[in-house]
Amino acid sequence: MKITEQETLLINFLTDAELAEWKIYFSSRLPDLRLAAWDDASVDPLSVRYVLVWEPEAGQLARYPHLRVILSEAAGVDHILADTALPPDIPITRMVTPETAARMADYVTMACYMLVRRLPDIIQAQRHKRWAAHLTGGLASETAVGILGLGRLGTAVAQRLLANGFSVHGWARSAKTVPGVAGFFGAEGLSPFLTRSQIMVNLLPDTAETRGIINDDFLAQLPDGAGIINVGRGRQLRHDALLHALDCGRVSGAILDVFPQEPLPEDDPLWCHPGVIVTSHVASLISHQSKAQHALTIIQADRAGQALPLVFDRTLGY
Ligand code: NDP
């Protein structure tokens, strides 16, 4: 039987057991909202007001004429924009929670220490049973970290690195102030940003302007032996440029969490490169509790007629 009287939130990434837990969480907070799985045939498309999705099938979102908000299951929305039939006027919200920021700050701080203490070289020495007492590495307090993207996550990462004794500078499109962080902005700010980045952290969103931005010319401006951490999106980093920079020593190590194709193909040279550590897009995976809280906040704001937080700007592309 089809249900039309109740507003529905459709979710496309939960197991049955997880959905049951979400229903309990929502039932005491928004008792009139129905939660349903993506493929639940009993849901009337006319009742669907909200969807919470990861990589929805193309064309699917256009089936819901009363859709009010598309909630992305991730901070980026590139996995939704691939749908050419996407309804043009429905707001899309990004999933960035306090846990997202805390986990990202943990990951990047760990990665900075790994590069400062030369972990890629130490792992190679261990693989070859080579005692490497010379691999002492440097000091956090003598390392300048540059963060590409000073948004929600870049700012949280900057604050954590400062608290750990690193010196931190950042680059963004428009001027902003983060206490303790030297700021560089726009095209003219990029070179001075790069030349002082002993470790460069990429936390830019995936846009037409940022795709391929980390190329030969970009890497050539880093100090000799710089470290790279990519937690933004894979398409921003040219792998051919990175491999060249690693092989000629311009870059000493890279810790990569995101890739143009995920999973990273088995034959990709990055898997086995001695200077590279690969993680499987796990830098900032958050708990279901954090996701449910975020979804609740967005839906409550929409129902109250308030401005939605974290709306993707279709003009800026992030
Ligand atoms: P925000 O939108 O809050 O911040 C984006 C920042 O990038 C802003 O400072 C913005 O500048 C800057 N920026 C955008 N375009 C340009 C440009 N062309 N030139 C210079 N600066 C630019 O995003 P978040 O911090 O929330 O997230 C950043 C990205 O992190 C996400 O888009 C996602 O791709 C990635 N991510 C990765 C995860 C992982 O697990 N690996 C998890 C979560 C997110 P301005 O301040 O001037 O607008």
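Residue positions are given per chain, counting from 1 as you read along its sequence in written order. Selection of residues for local features in this predicted model requires a pLDDT of at least 70, selection of side-chain atom pairs for listing and counting requires 80 or more, and totals for whole chains, interfaces and linings are taken over all residues. No hydrogens and no water enter the side-chain calculation; it runs on all heavy atoms of the structure.

Going by the annotation in an unreviewed UniProt entry, the name recorded for the chain is Glyoxylate/hydroxypyruvate reductase A, with Chimaeribacter californicus given as the source organism.

J.: Mind showing me how you'd approach the overall build of the chain here?
T.: Scanning the chain from N- to C-terminus turns up 9 helices and 12 strands. Projected onto the principal axes, the alpha-carbon positions of the chain cover approximately 70 × 45 × 35 Å. Remark: exposure states derive from per-residue accessible area (1.4 Å probe, protein chains only) relative to the maximum for the residue type, with buried under 20%, exposed over 50%, and partly exposed in between. Buried residues in the chain amount to 51% of all 318 residues. Within the chain, contacts between residues at least 6 apart in sequence are counted, and of these 62% link residues at least 24 apart. Note on conventions: DSSP H or I runs of at least 4 residues are helices, E runs of at least 2 residues are strands, and numbering of each starts at the N terminus. Should any heavy atoms of two residues lie within 4.5 Å, those residues are considered in contact.

J.: In this structure, what is going on with the site of the ligand? I would like to understand it.
T.: Taken together, the neighbourhood of the ligand is formed by 29 residues, with Arg152, Leu153, Ser174, Lys176 and Tyr318 sitting nearest. In the model, an oxygen atom of the ligand is placed 3.5 Å from a nitrogen or oxygen of the Gly232 main chain. Using a 1.4 Å probe, the Shrake-Rupley method yields the accessible areas, and only the shown protein chains count as cover for residues. Protein burial of the ligand: of its 950 Å² of free accessible surface, 92% is covered by the chains. The set of elements that each furnish at least two residues to the shell around the ligand consists of helix H5 (152-163) and strand E7 (167-172). By residue number, the principal contributor to the shell around the ligand is H5, which donates 3 residues. For every domain, the bounds stem from an assignment made automatically or drawn from a database. Split by domain, the shell around the ligand shows at least three residues from each of two domains, domain 1 (7-97 + 286-303) and domain 2 (98-278). Proximity is defined per residue: if any heavy atom of the residue lies within 4 Å of a molecule or strand, that residue is considered near it. Counting of polar contacts relies on pairs of N or O atoms within 3.5 Å, with two restrictions inside protein: one atom must be capable of donating a hydrogen and the other of accepting it, and residues adjacent in sequence are counted only when both atoms are side-chain atoms.

J.: Hey, could you run me through the packing of aromatic side chains in this one?
T.: Describing an aromatic ring pair means giving the distance of the ring centres and the angle of the ring planes. Here the aromatic set is Phe, Tyr and Trp, taking the six-membered ring for Trp, and pairing holds for ring centres within 6.5 Å; pairs whose planes are under 30 degrees apart are stacked, those over 60 apart are edge-to-face, and all others are tilted. In the structure shown here, the tally under the stated rule is 6 aromatic pairs. Between Tyr25 and Phe26 the ring centres are 5.7 Å apart and the planes differ by 75 degrees, which places this aromatic pair in the edge-to-face class. The residues Tyr25 and Phe26 share a single accessibility class, namely buried. Following the ring pairs from residue to residue traces out a cluster consisting of Phe13, Trp22, Tyr25 and Phe26. When the NZ atom of lysine or the CZ atom of arginine is within 6 Å of a ring's centre and also within 35 degrees of its normal, the charge is said to sit over that ring. Taking NZ or CZ as reference, Arg29 lies 3.9 Å from the ring centre of Tyr25, over its face.

J.: Can you walk me through the pairing of E7 in this structure?
T.: Look at any regular strand and the pattern is simple: side chains alternate between the two faces of the sheet. E7 sits mainly inside the fold: 5 of its 6 residues count as buried. Looking at chain direction, strand E6 (residues 144-148) and E7 are connected through 5 bridges and run parallel. If you follow Val145 over to E7, its bridge partner there is Val168. Handedness rule for crossovers: strands pointing away from the viewer, path from the first strand over the helix to the second running clockwise, crossover right-handed. Considered for its hand, the β-α-β crossover made up of E6, H5 and E7 is right-handed. A pair of strands is labelled paired if DSSP reports no fewer than 2 bridges between them. Strand direction decides the pairing type here: E7 and strand E8 (residues 182-185), joined by 4 bridges, are parallel. When the bridges of E8 are listed, Ala172 appears paired with Phe185.

J.: What should I look at first to understand the domain arrangement of the chain in this one?
T.: In many reports, interface size means the accessible area that the parts give up when they come together. Segmentation of the chain into domains returns domain 1 (7-97 + 286-303) and domain 2 (98-278). Put simply, the middle of domain 1 and the middle of domain 2, counted by C-alpha atoms, are 33 Å apart. Counting from both sides, the interface comprises 8 residues of domain 1 and, opposite them, 10 residues of domain 2. Put simply, buried area is the surface a 1.4 Å probe can reach on two separate parts but cannot reach once they are joined, added for both. Summing the contributions of domain 1 and of domain 2, the shared interface buries around 720 Å²; its carbon and sulfur component is 52%. By definition, a salt bridge exists where a carboxyl oxygen of Asp or Glu is found within 4 Å of a side-chain nitrogen of Lys or Arg. There are 1 salt bridge connecting domain 1 and domain 2. One salt bridge in this structure joins Arg233 and Asp78, with 3.2 Å as the shortest N-O distance. Applying the counting rule to domain 1 against domain 2 returns 5 residue pairs in polar contact (both at pLDDT 80 or more). Residue polarity follows a fixed list, in which Ala, Val, Leu, Ile, Met, Phe, Trp, Tyr, Cys and Pro are nonpolar, Asp, Glu, Lys and Arg are charged, and the others, Gly among them, are polar. Class assignment for the residues of the side of domain 1 that touches domain 2 results in 3 nonpolar, 4 polar and 1 charged.

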